[in-house]
Amino acid sequence: MVVGAARPFRRRAFTVRSPIPVVYGIAGFGVLLGVVGLVLKVRHHQHSLVDTVLGGVGGFGFLCAGVVAHTRQPANRVGLLMVLVGTAFFAEDLQMSGIAWVHSVGLLLASASSGFTAHLILAFPSGRLGSRLARLLVGAAYAAVFVLAPATVLFGVTWPTPNLLLVVPDAGVNAQVGNACRILGAVVAVGMVAVLLARWVAAGLPMRRVLAPVFLSGLVGGAGTVVYGVLGGADPVLSASRWVYQVAFCLLPLGYLAWVGRVRLGRTALGSLLGALREPLSPSELRAALARALGDPSLQVGYWRPAAEVFVDGDGRPLAMPSAGSGRAATLVERDGRRVAALVHDAALHEDGHVLTAVTGAAGLALENQRLAAEVRAQLAEVRASRGRIVAAADAERRRLERDLHDGAQPRLVTAVLSLRLAQQRLDGVADAATAALLANSAAGLDAAIVELREFARGIHPAILTDAGLLPAIQALVERSPLDVRLVAAAMPRLSPALEAAAYFVVAEAMTNALKHARAEHVRITVEHSADLLRIDVTDDGVGGADIAAGSGLLGLLDRVSALDGGLTVHSVPGRGTSVSAALPRGSGGNDPAPAGRP
Ligand SMILES: Nc1ncnc2c1ncn2[C@@H]1O[C@H](COP(=O)(O)OP(=O)(O)OP(=O)(O)O)[C@@H](O)[C@H]1O
Ligand SMILES: [Mg+2]
């Protein structure tokens, strides 16, 4: 898990600061060399004005960009590398000096800046070389400019200023070592172009924005070096590739400085974010506003759920934190020491640390509000689920009770009645009148008990609902009702047990109420179903005035229907009848249809 803190003080906690400002010292020395180099170039008369100006812009550009980069991120090596490139670039001009030892040192450092440039391009923007290939290429580049190129100095005669490091004057060896150096440079350049292309393809939008100046100049400079390495030092090729290289060389620091400027200007994006935050935003609108402000369309927002210790997205789904090396990073947002959210974004945004800090700071309150809303939504979903489970468990218990009564108590009572009737027959004419009456009363009492038990069991959970389904169960209710009831319903498939039970109890309770309270004569029951909704409506023509809060029957229906994400409405105007309607989503209460019959 890569988690960076949005607050700057945490960054600083890991910053190793050198007691001596080494980078600024080198930059100062580089400026000195730059002035000397420019004077030497002007005096040397062999450099055109454009060449001198381009060199100056490139060299001082690197020194300036390096100081800016180091000041922004002291722990990042990019600043140091830029300053080294600028300083080495000017040191190369020392070979134009008329003083023998200065001239000789200049010869040794004749292509020093290329090594640092290769290192900088491959290490940009983190300052670290990310792969073994990158380390190999940088090693080869340093070997070319600090071993092979200085080796030519041992064999090369220079005039008019003598080369103090000359060991054996040998133009042949000098040329051969020079060629080897050139070819190694071309190989490194090909590798660099390949690495840059691969990185560009793999990078997201924010990383591409950071990489653009380096990518452009690395590509142009690399292509120039390859052409030079392959075609050799023939004059037109040499001068053309030198031009290309010089322009690319200038582009890199200028491009970097332009990017830093844009990042700073990017704070105006914060202004529009602040404007957007004035209105209440939905989770997706807040995500979009943050993505715009950070320039990262792939941004994800995770809200912290302390109870579950996970981040969840706007819809309450768990959001995984990115793993190291995935190219994505998470920035934690905290308020008053409490974790609020995590922004999961392109790892390149850490290069715009200031913008990230500003954006997370500005959006802290909105994120906190969304976190609380997400928490409430998640709790609501849990409550709904648990209410559904409670209703389902109660229904299961009712079915069990009805079965126990049906399969246990009822057969025993029926057997007892039959035994009594048998005893009655056997004692017919034998027993005295009192005993015969006692037997007859007992049998009648048991018969009544059986009827009552059946009614009771039906009230708990009608067996016909489980066995035959919703419409036959409602039909049975209609047939037993003393009222004039009209049922309007089309044939329908079996639904889930919870859905059938809810619909049945709506009809049963509304019919009982019509009989008990309404003094109604007619009742109309409508059952409609579509692919996604089951609608029940029970309307009586009674006295009206039903009050959902006055008893437990209608309230129980409301709970039952709500547990299935449905809605219950009661329209009851005094003197104008009562209508109880329920709308139940077909997908609620589980998708399994009820079994076709009892085992
Ligand atoms: N169809 C109706 N016509 C007139 N009044 C009604 C009707 N249905 C309900 N009521 C009134 O609304 C109240 C609440 O009804 P509800 O079904 O919730 O409770 P109940 O029938 O009194 O008791 P329970 O259903 O728990 O046995 C009733 O007491 C009754 O006064
Ligand atoms: Mg009632």
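Before any of the text, the structure's been laid out above.
So, here is what we can say about the structure in this document.

Cut-offs used in this document
Residues numbered from 1 in each chain as written. Chains lettered and ligands numbered in written order. Predicted model: local features only at pLDDT ≥ 70, side-chain atom pairs only at ≥ 80, totals over all residues. Heavy atoms only, no water. Near = heavy atom within 4 Å. Polar contact = N/O pair within 3.5 Å; in protein donor to acceptor, adjacent residues only side chain to side chain. Helix = DSSP H or I, 4+ residues; strand = E, 2+ residues; numbered from the N terminus. Nonpolar A, V, L, I, M, F, W, Y, C, P; charged D, E, K, R; others polar. Pairing = 2+ DSSP bridges. Right-handed = clockwise from strand over helix to strand, strands pointing away. Patch = residues over 30% accessible without salt bridge, like charges linked within 9 Å, V, L, I, M, F, W, Y side chains within 5 Å. Areas by Shrake-Rupley, 256 points an atom, 1.4 Å probe, with all protein chains shown as cover. Salt bridge = Lys/Arg side-chain N within 4 Å of Asp/Glu carboxyl O. Core = buried A, V, L, I, M, F, W, Y, C linked by side-chain atoms within 4.5 Å. Buried < 20%, exposed > 50% of the residue type's maximum accessible area, 1.4 Å probe, protein only. Contact = heavy atoms within 4.5 Å. Donors = N, O, S within 2.8 Å, 3.2 Å for Na, K, Ca; no water. Axes fitted to C-alpha atoms, helices over the stretch in contact; angles between N-to-C directions. Parallel < 35°, antiparallel > 145°, perpendicular 65-115°, else oblique. Left-handed = near helix turned anticlockwise from the far one by under 90°. 1 Å grid on protein atoms, 1.4 Å probe; cavity = no way out; pocket = protein on both sides within 12 Å on 5 of 7 lines; lining within 4 Å. Points joined across faces, edges and corners; volume = space filled by probe spheres on them.

## Digging into the site of ligand 1
Stage number 1. Taken together, 15 residues are adjacent to ligand 1, and E509, N513, H517, D540 and S552 come closest.
Stage number 2. A distance of 3.1 Å separates an oxygen atom of ligand 1 from a polar atom in the side chain of K516.
Stage number 3. Here an oxygen atom of ligand 1 and a side-chain polar atom of H517 are 2.7 Å apart.
Stage number 4. Among the elements of the structure, α17 (497–518) and α18 (553–563) are those that each provide at least two residues to the shell around ligand 1.
Stage number 5. Considering each element in turn, the shell around ligand 1 owes the most residues, 5 residues, to α17.
Stage number 6. Here the residues of the shell around ligand 1 sort into 4 nonpolar, 7 polar and 4 charged.

## Regarding the pairing of strand β6 (residues 484–489)
Stage number 1. Bridge count for β6 against strand β7 (residues 522–529) is 6 bridges, and the pairing is parallel. Looking at the pairing, D484 lines up with H522 of β7.
Stage number 2. With respect to chirality, the unit in which β6 leads through α17 into the neighbouring parallel β7 is left-handed.

## Considerations on a nonpolar patch on the surface
Stage number 1. A cluster of nonpolar side chains, contributed by I99, W101, V105, L108, L154, L164, L165, V167 and V168, occupies part of the molecular surface with about 800 Å² of accessible area.
Stage number 2. Summarising the element assignment, L164 is placed in the loop between α7 (132–153) and α8 (171–202).

## Let's talk about the nonpolar core
Stage number 1. In this structure, M82, L120, L122, F124 and Y256 are the most contacted members of the largest nonpolar core, which totals 49 residues.
Stage number 2. At the level of secondary structure, the elements contributing two or more residues to this core comprise α2 (22–44), α3 (49–72), α4 (78–91), α6 (112–123), α7, α8, α9 (205–231) and α10 (235–265).
Stage number 3. The element contributing the most residues to this core is α4, with 9 residues.
Stage number 4. Excluding anything up to four places from it in sequence, Y256 contacts A65, A69, R72, M82, F124 and P213.

## Comments concerning the coordination of the magnesium ion (ligand 2)
Stage number 1. Around the magnesium ion (ligand 2), the protein contributes the donor atoms E509 (OE) and N513 (OD1), which lie 2.0 to 2.2 Å from the metal centre. Of the two residues, E509 and N513 are both situated in helix α17; the distance of 4 residues between them amounts to about one turn of the helix.
Stage number 2. Classification of E509 as partly exposed rests on a relative accessible area of 21%.
Stage number 3. On the basis of relative accessibility, which here comes to 17%, the residue N513 falls in the buried class.

## Thoughts on the packing of helix α13 (residues 353–426) against α18
Stage number 1. One can describe the packing of α13 onto α18 by two numbers: an axis separation of 8 Å at closest approach and a directional angle of 115°. Regarding the angle of α13 to α18, the classification is roughly perpendicular. Handedness of the α13/α18 crossing: left-handed. When α13 is examined against α18, the residues R387, G388, V391, D395 and R398 are found in contact with a partner set consisting of D559, R560, S562 and A563.
Stage number 2. Its residues assigned to classes, the contact of α13 with α18 comprises 2 nonpolar, 2 polar and 5 charged.

## Considering the pattern of salt bridges
Stage number 1. Summed over all chains, the structure comprises 15 salt bridges.
Stage number 2. The shortest N-O distance in the salt bridge between E375 and R305 comes to 3.7 Å. You can see E375 sitting in helix α13 and its partner R305 sitting in strand β2 (residues 300–305), a full 70 residues away along the chain.
Stage number 3. Taking relative accessible area as the criterion, R305 reaches 11% and is therefore assigned buried.
Stage number 4. A salt bridge links D313 to R317; its shortest N-O distance comes to 3.5 Å.
Stage number 5. Each of the salt bridges in this network shares a partner with another, and the network as a whole consists of R305, R335, D336, R338, E368, R371, E375 and E382.

## Comments concerning the pairing of strand β4 (residues 328–335)
Stage number 1. Sheet analysis places β4 next to strand β5 (residues 338–346), joined by 8 bridges and oriented antiparallel. Bridge pairing links L332 to A342 in β5.
Stage number 2. In this structure, the hairpin formed by β4 and β5 is closed by a connection of 2 residues, where D336 is found at a positive phi of approximately 50°.

## Remarks on the environment of L290
Stage number 1. Inspection of the secondary structure assignment puts L290 in helix α12 (residues 283–294).
Stage number 2. Under the relative-accessibility criterion, L290 is labelled buried at 0%.
Stage number 3. Taking the C-alpha atoms as reference points, L290 and L273, separated by 17 residues in sequence, lie 7.1 Å from one another.
Stage number 4. Apart from the residues within four sequence positions on either side, L290 is in contact with L273, L299, V301, L343, V359, A363 and L367.

## Observations regarding the sheet that holds β6
Stage number 1. Strands sit in the order β6-β7-β8-β10-β9 across an open sheet of 5 strands; the sheet is mixed. Looking at the sheet topology across the chains shown, the edges are occupied by β6 and β9 (567–572). If you compare each strand with its neighbour and ignore which way they point, the axes differ by 10° on average.
Stage number 2. Along the sheet, α18 contacts β9 and β10 (578–585); its crossing angle with β9, the most-contacted strand, is approximately 150°.

## Notes on empty space enclosed by the protein
Stage number 1. Summed over the entire model, instances satisfying the criterion amount to 1 cavity of 30 Å³ or more.
Stage number 2. Of the volumes computed, that of the largest cavity is approximately 50 Å³.
Stage number 3. Contributing to the lining of the largest cavity are A69, Q73, N76, V78, G79, F124, P125, Y256, W259 and E351.
Stage number 4. Secondary structure elements with two or more residues in the lining of the largest cavity: α4 and α10.
Stage number 5. A per-class count over the lining of the largest cavity returns 6 nonpolar, 3 polar and 1 charged.

## Some points on the packing of α4 against α6
Stage number 1. Running from N to C, α4 and α6 cross one another at 160°; their axes reach a closest spacing of 8 Å. In this view, α4 runs roughly antiparallel relative to α6, as classed from their interaxial angle. Of the two possible hands of crossing, α4 and α6 adopt the one that is left-handed. When α4 is examined against α6, the residues V78, L81, M82, L84, V85, A88 and F89 are found in contact with a partner set consisting of A112, S113, F116, T117, H119, L120 and A123.
Stage number 2. The class makeup of the residues in the contact of α4 with α6 is 11 nonpolar, 3 polar and no charged.

## Regarding α18
Stage number 1. Those residues of α18 that sit buried are L554, L557, R560, V561, S562 and A563.
Stage number 2. Against the buried residues of α18 lie α13, α17, β9 and β10.
Stage number 3. Looking one or two residues past α18, D565 carries a phi angle of roughly 65°, positive in sign.

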